[in-house]
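# A closer look at the structure
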Amino acid sequence: MPAKKNIKNISKKNIFVVSMLLIIISFYLFLAFLSYLFTWQYDNINWIDIFGNPDIYVKNITGKLGAYFAYTMITRFIGLGAFVIPFILFIAGFRLLKIKLLPFRKTLKISIVIALWLSLVLGYVDLYLANKNFLFGGLYGYAVNKWLSSLIGHIGTITLLTFLSFLIIINLHEKFW
């Protein structure tokens, strides 16, 4: 007669596998993003070329897939704020192992706010750079700042970004007041 399977053991094994996968993916994405900062000129790749064209070469140390994720998250999405993604995955992986490096919900909230704020601030800087090929704030930050500058002008945009910065600092630091 076969022995009963212990559901708790299977569950713990699955949790361990998922947590290790999250930690490994976080390192992979961090290396992809970091490498992209130095190789972005060569690593603008689309999804079809990743699997469909073996002759395309990228300089990113994580290969075509890492170059694609980095290009998508940094250039097309939130710019350098994308570095919070591997950070959150890393914290989540350890949290599944019941290792509490940081409080997860608070870290997630702060990370998202910082990523979006960083995208907006760096997007404003991108408006004045001569080289528009690499957007430090990503396409999101650039587009929002271009719209804001047309709506309330450059002084209004700087004022709004400064106000947002103070608002974030006040809300993130509980002992501020």
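Residues numbered from 1 in each chain as written. Predicted model: local features only at pLDDT ≥ 70, side-chain atom pairs only at ≥ 80, totals over all residues. Heavy atoms only, no water.

### A closer look at the overall build of the protein chain
Short version of the rule: Only DSSP runs of H or I reaching four residues or more are called helices, and only runs of E reaching two or more are called strands; each is numbered from the N terminus. Buried, partly exposed and exposed residues are distinguished by accessible area as a fraction of the type maximum, computed with a 1.4 Å probe on protein chains only: under 20%, between the cut-offs, and over 50%, respectively. We call two residues in contact whenever any of their non-hydrogen atoms come within 4.5 Å of each other. Per-residue accessibility takes into account occlusion by the displayed protein chains alone, with areas from the Shrake-Rupley method and a 1.4 Å probe.
From N to C terminus, the protein chain includes six helices and zero strands. Its helices and strands in sequence order give the protein chain the pattern α-α-α-α-α-α, from N to C terminus. Within the span of the protein chain, comprising 177 residues, buried residues form 33% of the whole. Looking at the protein chain alone, contacts between residues at least 24 apart form 57% of all its contacts between residues at least 6 apart. Counting only carbon and sulfur atoms, one obtains 71% of the accessible surface of the protein chain, whose full area is about 11700 Å².

### Some details on helix 5 (residues 104-128)
Selection rule: In this analysis, the expected span of each helix is defined as 1.5 Å times one less than the number of residues it contains.
Given a rise of 1.5 Å per residue, 25 residues ought to cover 36 Å, and the 37 Å separating the end C-alpha atoms of helix 5 matches this to within 8%. On its buried face, helix 5 is in contact with helix 3 (63-78), helix 4 (84-96) and helix 6 (138-172).

### Considerations on the packing of aromatic side chains
Put simply, the rule is: Only centres within 6.5 Å qualify two rings of Phe, Tyr or Trp (six-membered ring in Trp) as a pair; their planes then separate them into stacked at under 30 degrees, edge-to-face at over 60, and tilted for everything else.
Under the criterion given, the structure shown has five aromatic pairs. Look at F27 and F90: their rings are 5.7 Å apart centre to centre, the planes differ by 75°, and that puts the pair in the edge-to-face class. With F27 in helix 1 (residues 7-39) and F90 in helix 4, this residue pair connects regions lying 63 residues apart in the sequence. Classification of F90 by relative accessible area gives partly exposed; the value is 23%. Aromatic side chains F90 and F94 sit 4.9 Å apart centroid to centroid with 65° between the ring planes, which places their arrangement in the edge-to-face category.

### Re helix 3
An α-helical turn contains 3.6 residues, so any two residues separated by three or four positions project in the same direction. Where we set the bar: Fitting axes to the seven residues that end at a residue and to the seven that start at it, the angle between those axes gives the bend at that residue.
With 16 residues, helix 3 extends 21 Å between its outermost C-alpha atoms, agreeing within 8% with the 22 Å of an ideal straight helix rising 1.5 Å per residue. By the largest-angle criterion, Y71 marks the main kink of helix 3, which is about 25°. Turning to helix 3, its buried residues are K64, G66, A67, Y68, A70, Y71, M73, I74, T75 and I78. Looking one or two residues past helix 3, G79 carries a phi angle of roughly 70°, positive in sign.

### Quick look at the environment of K106
With respect to the helices, strands and loops of the structure, K106 is situated in helix 5. Spatially, the C-alpha atom of K106 lies 9.6 Å from that of L172, the residues being 66 residues apart in sequence.

### Details of unusual backbone geometry
A negative phi holds for most residues other than glycine; trans holds for most peptide bonds. The residue K98 is not glycine, and still its phi comes out positive at about 65°. Its relative accessible area of 75% is what places K98 among the exposed residues.

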